[in-house]
Amino acid sequence: DTSFETLIKERTNGRGVDFVLNSLSEEKLQASIRCLARGGHFLEIGKYDMMKDSKLAMTLFQKGITFTAVLVDLMFKEKRDLMQVLHKLIVEDISKGIIQPLPTTVFQAHEIEQAFRYLATAKHIGKVVLKIRDNEDDLASVPISYLPRVYCNPEQSFVIAGGLGGFGLELADWLIIRGCRKLVLSSSRGITKPYQQYRINTWHTYGVQVLISTEDISTEQGCRRLLQQAIQMGPIAGIFNLAVQLRDAIIENQSVDRFAECLAPKATATHHFDLISRELCPMLKHFVVFSSVSCGRGNAGQSNYGMANSIMERIIEHRVAQGLPGKAIQWGAIGEVGIVADMQEDKIDMEIGGTLQQRLSSCIQVLDQLLTTAEPVVASMVVAEKRSSSGGAKNIVEAVMNIMNIRDMKSVSVESTLADIGMDSLMAVEIRQVLERDFDIILTPQDLRTLTFSKLQKLADAKVENEAAEATTQQLQLEDLLASFGDEAASHHTVLRLPSKCNDLEYDRPVLLIPGIESIVKRLEARSLQGKLMLIDGSPLYLQRFASHHLSGYDDEHLQMAILTLILSFALPSVTTEIVAEIMSAATYELRVSKMLEMGRETNPFSEEYTRKMMRVLFYRLKAAMNMSTEVKEKLASPLVLVRSSTISEIEEDYGLSEFTQSSMIVKVIDGTHQTMLSNMELIEIINKDTL
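The rules behind each value
Residues numbered from 1 in each chain as written. Predicted model: local features only at pLDDT ≥ 70, side-chain atom pairs only at ≥ 80, totals over all residues. Heavy atoms only, no water. Phe/Tyr/Trp six-rings, centres within 6.5 Å; stacked < 30°, edge-to-face > 60°. Helix = DSSP H or I, 4+ residues; strand = E, 2+ residues; numbered from the N terminus. Buried < 20%, exposed > 50% of the residue type's maximum accessible area, 1.4 Å probe, protein only. Lys NZ or Arg CZ within 6 Å of the ring centre and 35° of its normal. Pairing = 2+ DSSP bridges. Axes fitted to C-alpha atoms, helices over the stretch in contact; angles between N-to-C directions. Contact = heavy atoms within 4.5 Å. Patch = residues over 30% accessible without salt bridge, like charges linked within 9 Å, V, L, I, M, F, W, Y side chains within 5 Å. Areas by Shrake-Rupley, 256 points an atom, 1.4 Å probe, with all protein chains shown as cover. Salt bridge = Lys/Arg side-chain N within 4 Å of Asp/Glu carboxyl O. Core = buried A, V, L, I, M, F, W, Y, C linked by side-chain atoms within 4.5 Å. Parallel < 35°, antiparallel > 145°, perpendicular 65-115°, else oblique. Left-handed = near helix turned anticlockwise from the far one by under 90°. Expected span 1.5 Å × (residues − 1).

### A closer look at the packing of aromatic side chains
- This model, assessed by the stated rule, comprises 6 aromatic pairs.
- Here the aromatic rings of Phe-107 and Tyr-118 are separated by 5.8 Å at their centres, their planes lie at 50 degrees, and the arrangement is tilted. Remark: Tyr-118 occurs in helix α6 (residues 112-120) and Phe-107 occurs in strand β4 (residues 104-108); sequence separation between them is 11 residues.
- Owing to a relative accessible area of 13%, Phe-107 belongs among the buried residues under this scheme.
- We classify Tyr-118 as partly exposed; its relative accessible area is 29%.
- Measuring from ring centre to ring centre gives 5.5 Å for Phe-290 and Trp-331, while their planes differ by 65 degrees; the resulting arrangement is edge-to-face. Here Phe-290, found in strand β10 (residues 286-292), pairs with Trp-331, found in strand β11 (residues 327-331); they are 41 residues apart in sequence, far enough to count as distant.
- Over the aromatic face of Tyr-151 sits the side chain of Arg-178, whose NZ or CZ is 5.8 Å from the ring centroid.

So, in structure tokens, the structure goes:
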């Protein structure tokens, strides 16, 4: 902001000032010079524009101004006498209080990063300081966290086994940046790609000696020759083993040869390097092997690879215990370069073994921290977000995909077994628990071993169909309760004659339709009356099953709330949770019914008095059903006919009625639900035929 130039001109009536002591730069320096009056003096105490060789307009000097660079550091070398005079003046002015300390902004010792960020904003006035002691007289400073950096002696050599791989080249470049000038890269195939040669040529321009060795590090002689080649360049300061040979297969398909091939560049080579380095490398500072997180947690089809890494880590622990340098780094999946990157191409966000691919720049950034820690085995990985079992999964397939860290079904074969895709023993246990706990699917261990995503999808589809059918059945059963409200217009009649084929006032054999209370039949039989008992889709067992399915464990309070919620869903189709909460907040059942009637007055087809009465009746009828006993105390003498709905399942075919009669028992099944079957003409025909 150069607005100060205008303000100075206004305050001095256009004259300007006689002296400017400046530390500003660029356009602000130019504005400061323009603020000088004729014959003014400009004292520059900054160096930014000098280092940039910034230009000054010579026309400014027509006002007779002077430009003086004040460089205090020159006094220490060129003008010692002037420095002594200046020092004396400063001391006197400090003692007189003329020179005051600059304002300071204080940060605690652990706030180093915040202090530098604040300093970088260039908005501070005075000094930014760190408080490293609680008291000025304390000898020891407070603990300050720091991160040591690794540097390489340019006179010493470094060996990288597997150095021509993607990560190996980047590690070599990092060592060169840190001072390494003598490098041996080991590779069984040597240079095979133009990019490898390009990197080596680039390092040559830095003055780095690079030797490519194709010695067989799986043999003791090969390792010895490799280290001797490095010693000829300079004492060995570091040995890094990045070599790898994958021979993946499930354990049934593994062999001794496949295990030996996988162990050779890792476990076998590390063993040889360990023994030979003790003899040939007295100045060794770094003995580093690159391991994998699959060593600790396992990975399907990589038992040999996990074993190779585990052996390397045990060698490292043994070395450290003996006071020798050693470090094993467990890497997660690494993106951009290496084996995983070659397999997954550009899918950097793909999860592998519970980890996301770690970018190479991130791997390089943590090397200082990993190599300078005291622990023999360290790890670096990007842990994928844990999706708990079936948490968030909409169906069975998604739940299993979550457990196995599979993001895209297109990346796997739906006909391959889960074991072939990557299900280990821990995953199998978790999958079995989730299917049983969250989806009510019980599988045997054999079923789980042969399970595929195709079979899982069939299980999911079948479960959806079953749930839909069950929901429909439950809804129909609940709607049956509403039929208890009946016809208000005819509710005052104790006995109501229904239209029939014969409407004569005199008849011989009447058909009585009575709400199913068996004690009425017993009373009729006690008077020596004979007849048939026909039950239309009902029995004590039916009522008990209904009550136990919907109302199990309900006390009076919960039963009343269930009835209100049901009635609300029909009386107020657009009911919201807020409306339900408001109704349920009333203290008693009667008050809740009143609130419901008040809100649904326009949509209620019944009078308020009738609704209140039927709400009480419905409550006591359900309570009676909950407490109903299916125990047979005295059997009926009359024959029974049960006409039942074809949609009712999970109950005995005769609804348990055969236990209630000494006579015959006939069951007839017709289409329709508990309610719609009443309008089925087949029911009318059965009533006329079997009762008259």
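### Quick word on the sheet that holds strand β1 (residues 17-22)
- Sheet architecture is open: 3 strands sit in the order β1-β2-β3, paired in parallel fashion. Looking along the sheet, the strands with just one partner apiece sit at the ends: β1 and β3 (66-69). Taken over all neighbouring pairs, the strand axes of this sheet differ in orientation by 15 degrees on average, direction set aside.
- As judged from the 5 bridges shared by β1 and strand β2 (residues 36-44), these two strands associate in the parallel manner. Across the sheet, residue Val-20 finds its bridge partner in β2, namely Phe-42.
- Sheet strands touched by helix α2 (residues 27-34): β1, β2 and β3. Its angle to β2, the strand with the most contacts, is close to 140 degrees.

### Some details on a nonpolar patch on the surface
- A grouping of Leu-82, Val-85, Leu-86, Leu-89, Ile-90, Ile-94, Ile-98 and Ile-99 is seen on the molecular surface, where their side chains present a nonpolar patch of about 670 Å² in accessible area.
- Its location among the elements puts Ile-90 in helix α5 (residues 80-96).

### Here we look at unusual backbone geometry
- The backbone of Glu-26 sits at a positive phi, close to 55 degrees, despite the residue not being glycine.
- Mapped onto the secondary structure, Glu-26 falls in the loop between β1 and α2.
- The backbone of Tyr-655 shows a phi angle near 55 degrees, a positive value even though the residue is not glycine.
- Structurally, Tyr-655 is set in the loop between β17 (640-645) and β18 (665-670).
- Taking relative accessible area as the criterion, Tyr-655 reaches 0% and is therefore assigned buried.

### Brief notes about the nonpolar core
- Counting residues in hydrophobic clusters, the biggest one holds 34 residues, and the most contacted among them are Leu-175, Leu-183 and Trp-203.
- It is helix α7 (residues 166-177) that provides the largest number of residues to this core, a total of 7 residues.
- Not counting chain neighbours up to four residues away, the residues in contact with Leu-183 comprise Phe-158, Ile-160, Ala-172, Leu-175, Ile-176, Trp-203, Gln-209, Val-210, Leu-211 and Met-233.
- In terms of nonpolar packing, the next biggest core, distinct from the first, is built from 24 residues, Ile-396, Met-404, Ala-428 and Ile-441 among them.

### A few points about the packing of helix α16 (residues 396-403) against helix α18 (residues 425-439)
- The N-to-C vectors of α16 and α18 enclose an angle of 150 degrees; their axes lie 10 Å apart at closest approach. The orientation of α16 relative to α18 falls into the category roughly antiparallel. The element α16 and its partner α18 pack so that their crossing is right-handed. Where α16 abuts α18, its residues Ile-396, Ala-399, Val-400 and Ile-403 lie against Met-427, Glu-430, Ile-431, Val-434, Leu-435 and Phe-439.

### Section: the sheet that holds β18
- A sheet is described by the order of its strands in space; here 3 strands give the open sequence β16-β17-β18, paired in parallel fashion. Looking at strand neighbours, the two that pair on one side only are β16 (533-536) and β18, the edges of this open sheet. For this sheet, the mean inter-axis angle between neighbouring strands, taken without regard to orientation, is 15 degrees.
- Alignment of β17 against β18, held across 6 bridges, turns out to be parallel. Its bridge partner being in β18, Ser-645 is matched across the sheet by Ile-670.

### Quick notes on α5
- Taking 1.5 Å of rise per residue, 17 residues should cover 24 Å, and α5 covers 25 Å from first to last C-alpha, within 8% of that figure.
- Positive backbone phi, approximately 85 degrees, marks Gly-97, located one or two places after α5.

### Re the environment of Met-312
- Mapped onto the fold, Met-312 is located in helix α12 (residues 303-321).
- According to the relative accessible area criterion, Met-312 is buried, its value standing at 0%.
- Met-312 sits 23 residues away from Val-289 along the chain, and the two C-alpha atoms are 7.2 Å apart.
- Leaving out residues up to four positions away in the same chain, Met-312 has contacts with Asn-241, Lys-266, Ala-267, Thr-270, Val-289, Phe-290 and Ser-291.

In short, shape yes, function no, at least from these values alone.
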